[in-house]
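So you can see what is in the structure, the chains are spelled out below.
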Amino acid sequence: MGETAVIVGYLDADGPARLGADSTSPVGPRDSLALLHRGVVAARYHKHHLPNYGVFDEDRYFVPGDTLTVVRAVWADGSQADLALTVCEDIWQAGGPFAVAASARVGLVVNINGSPYELNKDDVRLPLVARRAQEAGAAVAYVNMIGGQDELTFDGDSIIVAADGTLLARGPQFHQALMVHDLPLPEADPDAPDGHLGAMRVERVLLPTSWAAPQGPAADAGIAPRLGDEAEVWNALVLGLRDYVRKNGAKSVLLGLSGGIDSSVVAAIAVDALGAEHVVGVSMPSGHSSQHSRDDAADLARLTGLDYRIEPIQQMVDGFLSNLNLSGLAVENLQARVRAVILMALSNQEGHLVLTTGNKSELAVGYSTLYGDSVGAFNPLKDVPKTLVWKLANWRNTVGEVIPENSITKPPSAELRPGQLDTDSLPEYDTLDPIIMGYVDGDKGRAELVAEGHDPALVDRVLRLIDGAEYKRRQSAPGTKISFKSFGRDRRMPITNRWRES
C-alpha cells in the first residue's frame, strides 16, 4: 500500500490464557489493533474497555490494555500530527482512552469497531461519537465493519466528526463503501506529555512518512442517507442470512411454504439474499390446508421465481395414525413433524440448508412444535415480533411485490385442525407483542406491565408461557439479532427455574 497506513484488528497475547474474569494477571490474551506502514507493524494497541454484557464476553477471555498508543505522523514538509488508536468499546464508555487522549493533546482518535446492529442503533452512534470527540478535544473517525456472524450483523455506518462533534462524513448502512475524506488536523504539540496520564499510560510512536498535502479540492466522503426502520431491519435480515449461508459453505436454502405471512417473508428474504435460483420452497398440504393457503404459496413462488414443489403429507400422517393411537394436540404436532421429516430428507438428499420460519412472538410463548415447524439450521425471523413481520411484508412490497396480499391480510393460522386460528390459543398480536417486548426486551416485571395498562390476568398468562417455553428456545435454530435483547446469548435463562414473576 506504499505510504498508506493501514489499521487492522487482530488477536494478540503477551502471556498465557487467563483463568477467569477475576484474574489479576497483567498479561494474557489481548483484543488488539495494529497500524501497518511500509510493510511492518509500526504500532500496536490493546483494547482498554472490555464489555461483559449482552452478546459480549470479552472480560472472560481478554486482559485489558493499560497503554494508549499515540502515533505522531511526520509529513513531507516537516509538519506533524498526533493520532490515538482505540478499539470498539473504548468509545462506548466515558473516561479511559478518550479522556487520556485529551490529556495527550491528540488531533484525531481512530476507533475501529465490530459493533453489532440493532434497530435504531444508528440514532445512538452519532451523539455518542460527538460526545467522545468533545471529551477528547479531537476529531474522531469511527469505523465499523459490515457482515454477518451467526446471530450478529454489523451494519457499517462509519462516522467522522470534528473536535466539536460536528458531523463531517458518514458511510452507508449494510453496504460496503470506500470513504475518502480530507481532514485538517492541528499541528502536534511538541510539549505534549506522555507517561501516566490518568487512567492509562501514553506511549508515543514516531511515524515518518513522505506524505504531502493533497492537491486540488479537499475530498469529501459525504453523508449517506439513513434508512427507515423497516428498510433497516430488512437489510439486516438479508445480510445475516446471506453471510450465514455463504460463510458456512452452503449453496442453497430450503423452507416450507404454507402460504402464511411468516414463511412468505422468510422466502422473500432468502430470495433477496441468495437469488431465486438458490431458494427451494416446498408446499406440504394436509387435509386441513385451505385452498387459499395453497394458492398463496403458489403465488409467492410465481412472484419470487423460486424453485417451488408440492409434497402432500396426508397419506404419511394417516400411516402414522394407523399405527399410533393419537388424538388432539398430538395429531396437530404429528403433521408439523411429518413436514420436518420431508424438509430434512430433501436437505440430506440435495444439500440445501433448511430455514425455519417462527417469529419472536411465537418463540416467546412456545407457539411452535418442537422437532416440527421449529426444525432448521437458521431462522431469519427469530428476533422479529409478529407485528413487525407484517410491517416488513408491506414495506418489501413497496419496493416490488413479492408477497401475496392475501398472505398479509388473512388471519394467521397453523391450519393443523379445521378452522384453526392463532387467536384460539393466543391474544391478538397487537396485544401480545407489547407484553413480550416489555418482559423480554425491557426486563420489566409484572407490576410494571400492569401499571402500563395491560390486563393483569393476561400478563400472568403470557409471563407463564414465556418462562415455560425456555426449553424450546434452548433447542431453537440461531437467527439474526435485530433488537436490544434477542433470545439466546442476550437472554440467558435457566430451564430449571422455580422463580416466577408474579
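Here, every reference points to the structure presented above.
Residues numbered from 1 in each chain as written. Predicted model: local features only at pLDDT ≥ 70, side-chain atom pairs only at ≥ 80, totals over all residues. Heavy atoms only, no water.

**Concerning the overall build of the protein chain**
Looking only at helices and strands, the protein chain has 16 helices and 17 strands in total. In terms of overall dimensions, the protein chain has a C-alpha envelope of 85 × 50 × 45 Å along the principal axes. Relative to its full complement of 502 residues, the protein chain shows a buried share of 52%. Counting contacts in the protein chain only where the partners sit at least 6 residues apart, residues at least 24 apart contribute 72% of the total. As displayed, the protein chain has an accessible area near 22400 Å², and 54% of this comes from carbon and sulfur atoms. Of the side chains in the protein chain, 46 bear a positive and 65 a negative charge, and the two mean positions are spaced by 4 Å. (Helix = DSSP H or I, 4+ residues; strand = E, 2+ residues; numbered from the N terminus. Buried < 20%, exposed > 50% of the residue type's maximum accessible area, 1.4 Å probe, protein only. Contact = heavy atoms within 4.5 Å. Areas by Shrake-Rupley, 256 points an atom, 1.4 Å probe, with all protein chains shown as cover. Lys, Arg positive; Asp, Glu negative; His and termini not counted. Charge placed at Lys NZ, Arg CZ, Asp CG, Glu CD.)

**As for the pairing of strand S15 (residues 279-283)**
S15 sits mainly inside the fold: five of its five residues count as buried. Going residue by residue along S15, you find Val279, Gly281 and Ser283 tucked away on one face and Val280 and Val282 tucked away on the opposite face as well. Alignment of strand S14 (residues 253-256) against S15, held across four bridges, turns out to be parallel. Across the sheet, Val253 pairs through a bridge with Val279, a residue of S15. Where the polypeptide runs from S14 across helix H6 (residues 261-274) and back to S15, its parallel neighbour, the crossover connection is right-handed. As defined by bridge partners, S15 adjoins strand S16 (residues 307-310) across four bridges and the pair is classed as parallel. Bridge pairing in S16 links Val280 to Asp307. Read as a crossover between parallel neighbours, the route from S15 over helix H7 (residues 291-304) to S16 is right-handed. (Pairing = 2+ DSSP bridges. Right-handed = clockwise from strand over helix to strand, strands pointing away.)

**Examining empty space enclosed by the protein**
This structure, assessed with the given rule, holds three cavities of 30 Å³ or more. The space that makes up the largest cavity amounts to roughly 140 Å³. If you trace the largest cavity, you find 15 residues lining it, with Leu363, Ser368, Ser374, Lys472 and Ser476 closest to the centre. Elements with a contribution of two residues or more to the lining of the largest cavity: helix H10 (360-365) and helix H16 (470-474). Its volume calculated, the second largest cavity comes out at about 80 Å³. For the second largest cavity, the full set of lining residues is Tyr439, Ile466, Asp467, Glu470, Arg473, Arg491, Met493, Pro494, Ile495, Asn497, Trp499 and Arg500. Those elements that place two or more of their residues in the lining of the second largest cavity are helix H15 (456-468) and H16. Per-class residue counts for the lining of the second largest cavity are six nonpolar, one polar and five charged. (1 Å grid on protein atoms, 1.4 Å probe; cavity = no way out; pocket = protein on both sides within 12 Å on 5 of 7 lines; lining within 4 Å. Points joined across faces, edges and corners; volume = space filled by probe spheres on them. Nonpolar A, V, L, I, M, F, W, Y, C, P; charged D, E, K, R; others polar.)

**Structural notes on the environment of Trp92**
When you line up the elements, Trp92 lands in helix H2 (residues 89-92). Apart from the residues within four sequence positions on either side, Trp92 is in contact with Asn113, Ser115, Lys121, Val124, Arg125, Leu128, Arg132 and Tyr142.

**Re the nonpolar core**
Counting 63 residues, the largest nonpolar core has Val265, Leu355 and Val365 as the members making the most contacts within it. Once residues lying within four places of it in the same chain are set aside, the contact partners of Val265 are Trp234, Leu381, Val389, Ala393 and Ile403. Counting residues in hydrophobic clusters, the runner-up holds 40 residues, among them Ala43, Val100, Val140 and Leu197. (Core = buried A, V, L, I, M, F, W, Y, C linked by side-chain atoms within 4.5 Å.)

**Side note on the sheet that holds strand S1 (residues 6-13)**
Strand order in this open sheet of three strands is S1-S2-S3, and the pairing throughout is antiparallel. Among the strands making up the open sheet, the edge pair consists of S1 and strand S3 (40-46). For this sheet, the mean inter-axis angle between neighbouring strands, taken without regard to orientation, is 35°. Looking at chain direction, strand S2 (residues 29-37) and S3 are connected through six bridges and run antiparallel. Residue pairing for S3: Leu33 is matched across the bridge by Tyr45. (Axes fitted to C-alpha atoms, helices over the stretch in contact; angles between N-to-C directions.)

**Section: the layout of surface pockets**
Put simply, the largest pocket is a space of about 1900 Å³. Together, 50 residues line the largest pocket, and Ala5, Leu108, Ile160, Met179 and His181 are the ones closest to its centre. Going through the elements one at a time, S1, strand S4 (67-74), strand S5 (80-87), strand S6 (108-113), strand S7 (139-144) and strand S10 (159-161) are the ones with two or more residues in the lining of the largest pocket. In terms of residues, the lining of the largest pocket owes the most to one element, S7, which gives four residues. Of the residues that constitute the lining of the largest pocket, the class distribution is 36 nonpolar, 10 polar and four charged.

**Examining the sheet that holds strand S17 (residues 353-354)**
An order of S16-S15-S14-S17 is seen for the four strands of this open sheet, with the pairing classed as parallel. Each edge of the open sheet is held by one strand with a lone partner, namely S16 and S17. Relative to the sheet, H6 contacts S14 and S15, its axis offset from that of S14 by approximately 165°.

**Topic: the pattern of salt bridges**
Evaluated as defined, the whole model comprises 32 salt bridges. Arg38 serves as the salt-bridge partner of Glu3, at 2.7 Å between the closest nitrogen and oxygen. Taken as a pair, Glu3 in the segment before S1 and Arg38 in the loop between S2 and S3 lie far apart in primary sequence, 35 residues in all. Across the pair Arg396 and Asp272 runs a salt bridge, and its minimum N-O distance is 2.8 Å. On the criterion of sequence distance, the pair formed by Arg396 in helix H11 (residues 386-399) and Asp272 in helix H6 is long-range, its members being 124 residues apart. The buried category is assigned to Arg396, whose relative accessible area is 11%. Owing to a relative accessible area of 29%, Asp272 belongs among the partly exposed residues under this scheme. When salt bridges with common partners are traced through the structure, they connect Arg125, Asp155, Asp157, Arg170 and Arg226 into a single cluster. (Salt bridge = Lys/Arg side-chain N within 4 Å of Asp/Glu carboxyl O.)

**A short note on the packing of H11 against helix H13 (residues 429-441)**
Interhelical geometry of H11 versus H13 gives an angle of 115° and a closest axis separation of 8 Å. Every residue of H13 that contacts H11 at Lys386, Thr387 and Trp390 is listed here: Tyr429, Asp430 and Asp433.

**Focus: the packing of H13 against H15**
Where H13 meets H15, the axes come as close as 10 Å, and the angle between the chain directions of the two elements is 60°. In terms of orientation, H13 lies oblique with respect to H15. The two elements H13 and H15 cross, and the hand of that crossing is right-handed. Here H13 contributes Thr431, Leu432, Ile435, Ile436, Tyr439 and Val440 to the contact with H15, which in turn contributes Leu458, Val459, Val462, Leu463, Ile466 and Asp467. Tallied by class, residues from the contact of H13 with H15 come to 10 nonpolar, one polar and one charged. (Parallel < 35°, antiparallel > 145°, perpendicular 65-115°, else oblique. Left-handed = near helix turned anticlockwise from the far one by under 90°.)

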